[in-house]
Amino acid sequence: MNKTVEVLPDQPALVARALDLILSKLETAIQQRGQFTIALSGGSTPKPLYEAIGNQKLTWDKIHVFWGDERYVVPDHPDSNELMARRAWLDRVPIPAANIHAVPTLSANPAVDAAKYERHLQEFFHSVPGKFPALDVVLLGMGDDAHTASLFPHTEALKVCDRLITVGNKDSSQRITFTYPFINAARSVIFLAAGANKRPALAQVFASEADDFAYPSRLIKPQGELVWLLDAAAGLELKP
């Protein structure tokens, strides 16, 4: 794993750096493999990044968009990660509908829809059970409890190592989420973290020793590269 940590002056600088990284990886992926695959995160931090991507002139037919996790709500629900990304980016560009690989959430059974999304991923990547395909980029955020995607501290989802997709739980709400081994298969994982409220969690995530199941972002150790992009408020206390 090749890990880098960058502390940017503020959130606009963080977004600009993330955009540069993604555009560079997009160009390389299309040159080398003919397509670019990216998994999106939810939350407020990536929204301006999605808006910035939507302002680019790109070969949209070669870009495939997935989601690293999704709340178990209908696609037009205000809490939907898909809805946020569509409004900020996807509905504003001529990307083919078939290139948008949304998480299914309509069967009234999260486990059924998790299995459905897993099958879709295996078919798209021509992978077999037990093998983890490599997305070009997985974008992640981190909560102030150090969760990432919908991998929350001390939950059963953290124990799932033989599947791509599982059900995540936060209190009484269910989510559908990438498993951490699937995230770790990525060519590049980019964390975006902003705000002083992230400092205590970051201190544990970057500590030489801590409980991975208490601080799930510690489990993210991709086979490719790991990039942490922090704003100054989040990264203030980190040692260079």
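The model shown is predicted, which means the values in this text are computed figures rather than measured ones.

Draft legend 1. Looking closely at the sheet that holds strand β2 (residues 36-40). Spatially, β1-β9-β8-β5-β2-β3 is the arrangement adopted by the six strands of the open sheet, whose pairing is parallel. With one partner strand each, in any of the chains shown, β1 (2-8) and β3 (63-67) form the two edges of the open sheet. Averaged over all pairs of adjacent strands, the angle between their axes in this sheet comes to 20 degrees, without regard to strand direction. Strands in contact with helix α1 (residues 11-33) are β1, β2, β3, β5 (137-141), β8 (188-193) and β9 (225-231); relative to β9, the strand with the most contacts, it is inclined by about 160 degrees. In this fold helix α4 (residues 110-125) packs onto β2 and β3, with an angle of close to 155 degrees to the strand it touches most, β3.

Draft legend 2. Main features of the side chain of D136. In this fold, D136 is placed in the loop between α4 and β5. Since its relative accessible area comes to 5%, D136 is described here as buried. A distance of 2.9 Å separates a polar side-chain atom of D136 from the backbone nitrogen of T37. Looking at D136, its side chain comes within polar contact range of the side chain of R187, at 3.0 Å. For D136, the contacting residues outside a window of four places in its chain are A29, R33, Q35, F36, T37, R187 and S188.

Draft legend 3. The environment of G224, seen in detail. The topology assignment puts G224 in the loop between α6 (199-205) and β9. With 198 residues separating them in the primary sequence, G224 and L26 have C-alpha atoms 15 Å apart.

Draft legend 4. Fine view of the packing of aromatic side chains. Following the criterion strictly, the structure yields eight aromatic pairs and no others. Considering the side-chain rings of F206 and W228, the 5.0 Å spacing of their centres and the 85 degrees angle between planes classify their relative orientation as edge-to-face. One end of the pair, F206, is in the loop between α6 and β9; the other, W228, is in strand β9, and 22 residues separate them in sequence. For F206, a relative accessible area of 23% translates into the label partly exposed. These aromatic residues form a ring-pair network of at least three members: Y50, W60 and W89.

Draft legend 5. Highlighting the UniProt feature "domain: Glucosamine/galactosamine-6-phosphate isomerase" (unreviewed entry) in the protein. The positions UniProt marks with the feature "domain: Glucosamine/galactosamine-6-phosphate isomerase" (unreviewed entry) are residues 10-228. End C-alpha to end C-alpha, residues 10-228 measures 14 Å, and it is 31% helix and 18% strand.

Draft legend 6. View of the environment of F152. With respect to the element layout, F152 can be found in the loop between β5 and β6 (165-170). Take F152: its relative accessible area is 3%, and that puts it in the buried class. Among all residues touching F152, those that are not within four sequence positions of it are D145, H147, L158, N169, K170, R175 and P216.

Draft legend 7. Region of the structure containing the packing of helix α2 (residues 47-54) against helix α3 (residues 81-88). It is at 8 Å that the axes of α2 and α3 come closest, and there the two elements cross at 40 degrees. Taken together, the axis directions place α2 and α3 in an arrangement best described as oblique. The hand of the α2/α3 crossing is right-handed. Contacts from K47, Y50 and E51 of α2 reach α3 at M84, A85 and A88. Residue composition of the contact of α2 with α3, by class: four nonpolar, no polar and two charged.

Draft legend 8. Representation of α4 in the model. Between its first and last C-alpha, α4 extends 22 Å over 16 residues, near the 22 Å set by a 1.5 Å rise per residue. All of the buried residues in α4 are P110, D113, A114, Y117, E118, L121, Q122, F124 and F125. Buried-residue contacts for α4 involve β2, β3, β6, β7 (173-178) and α5 (180-184). By the N-cap criterion, in which a side-chain oxygen at the helix start approaches the backbone nitrogen of a residue two or three places on, α4 is capped by N109, the distance to A111 being 3.0 Å. Where α4 ends, the next residue or the one after it, H126, has phi of about 55 degrees, a positive value.

Criteria and thresholds
Residues numbered from 1 in each chain as written. Predicted model: local features only at pLDDT ≥ 70, side-chain atom pairs only at ≥ 80, totals over all residues. Heavy atoms only, no water. Pairing = 2+ DSSP bridges. Helix = DSSP H or I, 4+ residues; strand = E, 2+ residues; numbered from the N terminus. Axes fitted to C-alpha atoms, helices over the stretch in contact; angles between N-to-C directions. Contact = heavy atoms within 4.5 Å. Buried < 20%, exposed > 50% of the residue type's maximum accessible area, 1.4 Å probe, protein only. Polar contact = N/O pair within 3.5 Å; in protein donor to acceptor, adjacent residues only side chain to side chain. Phe/Tyr/Trp six-rings, centres within 6.5 Å; stacked < 30°, edge-to-face > 60°. UniProt positions renumbered as here; feature names shortened; annotations may be inferred. Parallel < 35°, antiparallel > 145°, perpendicular 65-115°, else oblique. Left-handed = near helix turned anticlockwise from the far one by under 90°. Nonpolar A, V, L, I, M, F, W, Y, C, P; charged D, E, K, R; others polar. Expected span 1.5 Å × (residues − 1).

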